[in-house]
Amino acid sequence: MENPGFKDLHLSKEMHMAIADMGFEEPTTIQNRSIPYMLEGKDVIGQAQTGTGKTAAFGIATLERIDLKNKGLQAVTLCPTRELAIQVSEELKNLSKYKKGIKILPIYGGQPIGRQIKALKEGVQIIIGTPGRVMDHLDRRTLKMDGVKIIILDEADEMLDMGFRDDIEIIVRKIPEQRQTILFSATMPKAILNLTKKYQSNPQLIKLVHKEMTVPNVEQFYFEVKQQAKTEVLSRLIDLYNLKLSLVFCNTKRRVDELVEKLKTRGYLTDGLHGDMQQKQRDRVMSEFRRMEIEILVATDVAARGIDVGDTDAVFNYDIPTDDEYYVHRIGRTARAGKAGHAFTFVTGKEAYRIRQIQRFTKTKIIAQKVPSISDVEEIRTNLLLEKVKETVDAGYLGKCRNLVEKLIQEDYTSLEVAAALLKIVIDEGGKEEAMQIKK
Ligand code: AMP
């Protein structure tokens, strides 16, 4: 996997700085393959789904092509839903952090139109809108398309499914013909191909083709979790399965650092590995992991490449990988040398889609699992505690403690009562500690 880095894409200094702040280590496959064409101003058809880094792909290229001195509207992105419009506009804002004076505005139905009109009057270079609301502004003449040089149709197949075909065509026709037309779509049905024939000129088709890969024989599970609940679910699974060595993958350096901090607060022995670290630091972390002084190693794909992590009990995809091939590389880090291993993948919202895609690519089954409840974890813990009690009795040497119990029995308590009370104290203490950690 010798992927070209961001530096090979010849981006501006401001863009490199923003990308570094976002914690991206290297371009995703769709970014590597589509950005060069988009930077040249060519029309592009990108066949890519949510989760592959498609937004940053067209976002980076578009931002690099905006003339910062020109305050007029230069790029229009159409998205199927308000949520996506907001998400895309946030990603573009992050990517434009060091491009001073750039104005990006999401415009979608449901928000008071007056506020959008005011913002548009102040000058906006990029809008990200839903087709219906963009049409509304065109009818009111509050949006002028004469200076637009880039139009992006994001999730084009979804927009067609939602009945936006006529709106899209009217909007595209309002934009000068010398424009660059970019279309991203997860699927390429005939209706999409018709659109591209009608409105794109000599488009470059970027489709992800996969290498043949050997998929390791690992038990694979996935969990649908909210973003904020991921750390809690990770902790529960580690406790429930009593995992001694886990490798947890995040998509960015920032996510690695954040997760390591959260896990440390919860009392786990953990550390991170990512591309910003010095070799010496990495070697230290790796040898601590091998000596089992670290029980959870959190890493990015780039950092984990080429390292031997030995006997990992489980691999977690804390973030679903942006590339199917990464998934195979990641899960191959467990179950080495014929040992049983587990791969757990967390998906949020729309990402369930990616699970189906990965299953198709790997021709394996990833089984949906319910997030274990606190009581599941408690039950397992209680069983472990009882096992420990039995082991301690069998091992003998209870001398001093036996004398203490005898003292209580003379005070008229039964040995059953004493044993039950002691267990209650131990279990309640464990519960209290847990509650404190969740609150933190
Ligand atoms: P998207 O496919 O646009 O929905 O992006 C999915 C997620 O991947 C978003 O959270 C992006 O911020 C993130 N992402 C985009 N490009 C990269 C990259 N090069 N490295 C890591 N994460 C990325």
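See above for the structure.
Bear in mind that the values here come from a model prediction, so they are computed numbers and not experimental data.

Asks: Just checking my understanding: could you explain the packing of aromatic side chains for this structure?
Replies: The full count for this structure, using the stated rule, is 8 aromatic pairs. Ring centres of phenylalanine 221 and phenylalanine 344 lie 6.0 Å apart, and the angle between their planes is 20°; on these two criteria the pair is classed as stacked. Taken together, the positions of phenylalanine 221 in strand β8 (residues 219–224) and phenylalanine 344 in strand β13 (residues 342–347) put the pair 123 residues apart, joining distant regions of the chain. You'll find phenylalanine 221 and phenylalanine 344 in the same group, each marked buried. Seen in terms of ring centroids, phenylalanine 316 and phenylalanine 346 are 6.2 Å apart; in terms of plane orientation they differ by 65°. Their pairing is edge-to-face. Of this pair, phenylalanine 316 sits in strand β12 (residues 314–317) while phenylalanine 346 sits in strand β13, and the two are 30 residues apart along the sequence. Judged by its relative accessible area of 0%, phenylalanine 346 is buried. Following the ring pairs from residue to residue traces out a cluster consisting of Phe221, Phe223, Tyr241, Phe316, Tyr318, Phe344 and Phe346. Seen from the ring of tyrosine 318, lysine 230 lies directly overhead, with NZ or CZ sitting 5.5 Å from the centre. Taking the ring centre of tyrosine 353 as reference, the NZ or CZ of arginine 356 above it sits at 5.7 Å.

Asks: So what exactly am I meant to see when it comes to empty space enclosed by the protein here?
Replies: One way to see where empty space is left: roll a probe the size of a water molecule over the atoms. Under the definition given, this model contains 1 cavity of 30 Å³ or more. A volume near 80 Å³ is recorded for the largest cavity. Lining the largest cavity, in full, are Ala48, Gln49, Thr50, Lys54, Glu155, Asp157, Glu158, Ser185, Ala186, Lys350 and Tyr353. Classifying every residue of the lining of the largest cavity by side-chain character gives 3 nonpolar, 3 polar and 5 charged.

Asks: How do you make sense of the pattern of salt bridges when you look at a structure like this?
Replies: Pairing is possible between side chains of opposite charge, provided their charged atoms come close. Taken as a whole, this structure holds 22 salt bridges when the rule is applied. Glutamate 40 is the partner of lysine 42 in a salt bridge, and the nearest nitrogen-oxygen pair spans 2.8 Å. Counted as one network, the salt bridges with shared partners bring together Lys54, Asp154, Glu155 and Lys350.

Asks: Explanation requested: the environment of threonine 52 in the structure shown.
Replies: The topology assignment puts threonine 52 in the loop between β1 (44–47) and α3 (54–65). Ignoring any residue separated from it by four or fewer positions in sequence, one finds threonine 52 in contact with Thr28, Ile30, Thr322 and Arg354. In terms of polar contacts, threonine 52 uses its side chain to reach the backbone carbonyl oxygen of glutamine 49, at 2.6 Å.

How each quantity is defined
Residues numbered from 1 in each chain as written. Predicted model: local features only at pLDDT ≥ 70, side-chain atom pairs only at ≥ 80, totals over all residues. Heavy atoms only, no water. Phe/Tyr/Trp six-rings, centres within 6.5 Å; stacked < 30°, edge-to-face > 60°. Helix = DSSP H or I, 4+ residues; strand = E, 2+ residues; numbered from the N terminus. Buried < 20%, exposed > 50% of the residue type's maximum accessible area, 1.4 Å probe, protein only. Lys NZ or Arg CZ within 6 Å of the ring centre and 35° of its normal. 1 Å grid on protein atoms, 1.4 Å probe; cavity = no way out; pocket = protein on both sides within 12 Å on 5 of 7 lines; lining within 4 Å. Points joined across faces, edges and corners; volume = space filled by probe spheres on them. Nonpolar A, V, L, I, M, F, W, Y, C, P; charged D, E, K, R; others polar. Salt bridge = Lys/Arg side-chain N within 4 Å of Asp/Glu carboxyl O. Contact = heavy atoms within 4.5 Å. Polar contact = N/O pair within 3.5 Å; in protein donor to acceptor, adjacent residues only side chain to side chain.

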